Amino acid sequence: MNIYYSEFQEKIMTSQLDIFDVFNRYIGGTFDRRGFCRCPFHSEKTPSFKLFRDNKSFYCFGCGTGGNIINLVSKALNISYFEAMKRLDEDYLLGLFEKQIKTDTRRSKEAAETARKQLRREQLQIKRRENYFKLIDYFKELREMSLNQAVLHDLTFMERLLDKWLLYEKEPFDGIPEDFNADALIYALKSKFINEEVENGERN
């Protein structure tokens, strides 16, 4: 998992940390009455390095090195800005990256669930189209049959079913059951005609 940092994390981190505490933890030094100490980043005799608690920053008036708390740790430990953030996060138990990992994991699960639901909807739509065209074909077949009471009954039934199907075409699937099987319905309807023909002696 790729972990990145954001300005939000930077603000949270710097707001929760004291730059003097961070300085003493990773560097250490003695400040004079003016609040200056010898710069840890270059050799000097006269102290020119100063920490600013109000805006959580540091600056050396000798070598010009400065920045925020994260820059201070990055410079002191000779690591990248991102690595300094991770080090501060771990050493001060801030949990910022742990929260991010949990957030990213949750987002990944939500994205996967959304994709699964979308795939399910597409599969259902394909199935609905297949069923619909099978019903249309059988309706056409009924219209070509010799009209009798049974055929008229099934034509009326099929007309109502197709009208209902079109009514719910753009609605949720509660109109037409997801497990609807056109083949099973058509087989049941055709079986009725086959049984009638047998009873009437029309089949050998």
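Our structure's up above, just so we're on the same page.
Residues numbered from 1 in each chain as written. Predicted model: local features only at pLDDT ≥ 70, side-chain atom pairs only at ≥ 80, totals over all residues. Heavy atoms only, no water.

*Asks:* Help me understand the overall build of the protein, please; the structure alone is not making it clear to me.
*Replies:* Within the protein, the secondary structure is distributed over seven helices and four strands. Counting over 204 residues, the protein shows a buried share of 32%. Accessible surface, the protein: about 14000 Å² in total, of which carbon and sulfur atoms supply 50%. (Helix = DSSP H or I, 4+ residues; strand = E, 2+ residues; numbered from the N terminus. Buried < 20%, exposed > 50% of the residue type's maximum accessible area, 1.4 Å probe, protein only. Areas by Shrake-Rupley, 256 points an atom, 1.4 Å probe, with all protein chains shown as cover.)

*Asks:* Is there a simple way to think about unusual backbone geometry in this case?
*Replies:* Residues apart from glycine generally show negative phi values, whereas peptide bonds are mostly found in trans. Positive phi, close to 55 degrees, is recorded for Lys56, a residue that is not glycine. As for its placement among the helices and strands, Lys56 is situated in the loop between strand 2 (49-52) and strand 3 (57-60). The class of Lys56 is buried, set by a relative accessible area of 18%.

*Asks:* Explain helix 3 (residues 69-77) here, please?
*Replies:* Where helix 3 is concerned, the buried positions are Ile69, Ile70, Leu72, Val73 and Ser74. Contact partners of the buried residues in helix 3: helix 1 (7-16), helix 2 (19-26), strand 2, strand 3, strand 4 (66-68) and helix 4 (81-91). For helix 3, the capping residue at the N-terminal end is Asn68, with a side-chain oxygen 3.0 Å from the backbone nitrogen of Ile70. Where helix 3 terminates, the next one or two residues include Asn78, which has phi positive at roughly 55 degrees. (Contact = heavy atoms within 4.5 Å. Polar contact = N/O pair within 3.5 Å; in protein donor to acceptor, adjacent residues only side chain to side chain.)

*Asks:* Help me out: how do you make sense of the packing of helix 1 against helix 4 in this one?
*Replies:* To describe two helices that pack against each other, one gives the angle between their axes and the distance between the axes. Interaxial distance between helix 1 and helix 4 falls to 11 Å at its minimum, and their mutual angle equals 50 degrees. The orientation of helix 1 relative to helix 4 falls into the category oblique. In this structure, helix 1 meets helix 4 at a crossing whose hand is left-handed. Across from Gln9, Glu10 and Met13 in helix 1, the residues of helix 4 making contact are Tyr81, Met85, Leu88 and Asp89. In the contact of helix 1 with helix 4, the residues fall into four nonpolar, one polar and two charged. (Axes fitted to C-alpha atoms, helices over the stretch in contact; angles between N-to-C directions. Parallel < 35°, antiparallel > 145°, perpendicular 65-115°, else oblique. Left-handed = near helix turned anticlockwise from the far one by under 90°. Nonpolar A, V, L, I, M, F, W, Y, C, P; charged D, E, K, R; others polar.)

*Asks:* Looking at this model, I keep getting lost on the pairing of strand 3. Mind explaining?
*Replies:* Two faces make up the sheet, and in a regular strand the side chains alternate between them. Bridge count for strand 2 against strand 3 is four bridges, and the pairing is antiparallel. Paired with Phe52 across the two strands is Ser57, which belongs to strand 3. The antiparallel hairpin formed by strand 2 and strand 3 contains four residues in its connecting segment, where Lys56 sits at a positive phi of about 55 degrees. When strand 3 meets strand 4, the two strands line up antiparallel, connected through three bridges. Bridge assignment links Phe58 to a residue of strand 4, and that residue is Gly67. Linking strand 3 to strand 4, which pair antiparallel, is a turn of five residues; within it Gly64 sits at a positive phi near 80 degrees. (Pairing = 2+ DSSP bridges.)

*Asks:* Could you clarify how one ought to interpret the sheet that holds strand 2 in this entry?
*Replies:* Where strands meet in a sheet, backbone hydrogen bonds hold them as pairs that are either parallel or antiparallel. Spatially, 1-2-3-4 is the arrangement adopted by the four strands of the open sheet, whose pairing is antiparallel. A strand with exactly one partner marks an edge of an open sheet, and here the two such strands are strand 1 (36-37) and strand 4. Sheet topology note: the strand 1/strand 2 ladder contains two bridges and is antiparallel. Across the sheet, the residue bridging to Cys37 is Phe49, located in strand 2. Along the sheet, helix 2 makes contact with strand 1, strand 2 and strand 3, crossing strand 2 at roughly 135 degrees.

*Asks:* Would you mind showing me how to read the packing of aromatic side chains here?
*Replies:* For any pair of aromatic rings, the description rests on two quantities: the centre-to-centre distance and the angle between the ring planes. Tallied over the full model, the rule gives nine aromatic pairs. A centroid spacing of 6.1 Å and a plane angle of 55 degrees characterise the contact between Phe41 and Phe58, whose relative ring orientation is tilted. In this pair, Phe41 is assigned in the loop between strand 1 and strand 2 and Phe58 in strand 3, connecting sequence segments 17 residues apart. Aromatic side chains Tyr132 and Phe133 sit 5.8 Å apart centroid to centroid with 65 degrees between the ring planes, which places their arrangement in the edge-to-face category. Overall, Tyr132 belongs to the buried group, its relative accessible area being 18%. Joined through ring pairs, the aromatic side chains of Phe20, Phe23, Phe31, Phe41, Phe49 and Phe58 make up one cluster. Just above the ring of Phe41 sits the side chain of Lys75; from NZ or CZ to the centre is 5.8 Å. (Phe/Tyr/Trp six-rings, centres within 6.5 Å; stacked < 30°, edge-to-face > 60°. Lys NZ or Arg CZ within 6 Å of the ring centre and 35° of its normal.)

In short, geometric facts, not functional conclusions.
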